[in-house]
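Summary of structural features
One-letter residues, chain by chain:
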Amino acid sequence: PFPALAGDVAEALALARDLCTPRGLRRDLKVDRIEPSDVTFVDGPSLDGKFMAHLFEGAQEAAFLVLTVGPSLEAKVSETAAAGDTVEAIILDAVGSAAAMGLLTHVLGRISRETEARGWNTGACLSPGLSYWDVTGQETIFRMLPADMIGLELLESSFLKPQKSQTAVVPM
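Residues numbered from 1 in each chain as written. Predicted model: local features only at pLDDT ≥ 70, side-chain atom pairs only at ≥ 80, totals over all residues. Heavy atoms only, no water.

With that settled, consider the packing of helix H1 (residues 6–19) against helix H3 (residues 72–82). Running from N to C, H1 and H3 cross one another at 135°; their axes reach a closest spacing of 8 Å. In terms of their interaxial angle, H1 and H3 are classed as oblique. Side by side, H1 and H3 meet where Leu-15, Ala-16 and Leu-19 of the first sit next to Ser-72, Leu-73 and Lys-76 of the second. When the residues that make up the contact of H1 with H3 are grouped by side-chain class, the tally is 4 nonpolar, 1 polar and 1 charged. (Axes fitted to C-alpha atoms, helices over the stretch in contact; angles between N-to-C directions. Helix = DSSP H or I, 4+ residues; strand = E, 2+ residues; numbered from the N terminus. Parallel < 35°, antiparallel > 145°, perpendicular 65-115°, else oblique. Contact = heavy atoms within 4.5 Å. Nonpolar A, V, L, I, M, F, W, Y, C, P; charged D, E, K, R; others polar.)

Structure follows, in structure tokens:
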């Protein structure tokens, strides 16, 4: 629909390939109890939130995830915007968001294949900040994984730095 932007999008894709450094951590925890008000893990936290017990119904374990494409793309977006290249910055930012989501999708595919090989089902990917789980749920995930090892920081606002990052819990 916008042929004039095709070249900008192609450039942003090529640049993102150079700037993104995908990294992630995963920790699997066994489910201890599923109660109406929360889900508790062996040697781990409890998760509470709207429908959390329902979302974990039948789960034996959960994969806790932190993922990022790194800070370089975000820095380039800021630099590009500061130089007045607003359209290019917006396109590069969108490509970065797609890269972070693509990384999560790739990891979820691996988890699904592993879970299927065990004869189990994979539940929905649960991310803090959605209607069923407050964004402060990020803190629980960060307590389970040394996210600083991959350059990921949890801000006081419960947002992530770099922004092109994802956290999730996957019932299995």
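Once the structure has been displayed, the description carries forward.
Right, let's get into the sheet that holds strand S7 (residues 165–171). The strand order across the open sheet formed by 5 strands is S3-S2-S1-S4-S7, and the pairing between neighbours is antiparallel. Of all strands in the sheet, those bounded by a partner on one side alone are strand S3 (46–47) and S7. With 8 bridges joining them, strand S1 (residues 23–34) and strand S4 (residues 61–68) adopt antiparallel strand pairing. Within S4, the position partnered with Leu-29 by the bridge is Ala-62. On top of the sheet, helix H4 (residues 86–117) reaches S1, S4 and S7; it is set at about 155° to S4, its chief contact. (Pairing = 2+ DSSP bridges.)

Our focus in this paragraph is a nonpolar patch on the surface. Side chains of Phe-2, Leu-5, Val-9, Leu-13 and Val-87 sit close together on the surface and give an oily, nonpolar patch of about 420 Å² of accessible area. The topology assignment puts Val-9 in helix H1. Assessed through its relative accessible area of 34%, Val-9 is described here as partly exposed. (Patch = residues over 30% accessible without salt bridge, like charges linked within 9 Å, V, L, I, M, F, W, Y side chains within 5 Å. Areas by Shrake-Rupley, 256 points an atom, 1.4 Å probe, with all protein chains shown as cover. Salt bridge = Lys/Arg side-chain N within 4 Å of Asp/Glu carboxyl O. Buried < 20%, exposed > 50% of the residue type's maximum accessible area, 1.4 Å probe, protein only.)

Our next topic: the nonpolar core. Of all hydrophobic cores here, the largest spans 24 residues; its most connected members are Phe-41, Phe-56, Phe-64, Val-66, Trp-133 and Val-169. Those elements that place two or more of their residues in this core are S1, strand S2 (39–41), S4 and helix H5 (138–144). In this structure, Val-169 is in contact with Leu-47, Phe-56, Ala-62, Ala-63, Phe-64, Ala-124, Cys-125, Leu-126, Trp-133 and Ile-141, ignoring residues within four places of it in sequence. Within the second largest apolar cluster, 23 residues are counted, among which are Val-77, Val-107, Ala-168 and Met-172. (Core = buried A, V, L, I, M, F, W, Y, C linked by side-chain atoms within 4.5 Å.)

Of all residues except glycine, most have a negative phi; of all peptide bonds, most are trans. At the junction of Lys-161 and Pro-162, the peptide bond is cis and its omega measures out at 0° in the coordinates. The residue Asp-43 is not glycine, and still its phi comes out positive at about 55°. Positionally, Asp-43 belongs in the loop between S2 and S3. The backbone phi angle of Ser-158 is positive, close to 75°, even though this residue is not glycine. Here Ser-158 lies in the loop between strand S5 (153–154) and strand S6 (160–161). With a relative accessible area of 2%, Ser-158 lands in the buried category.

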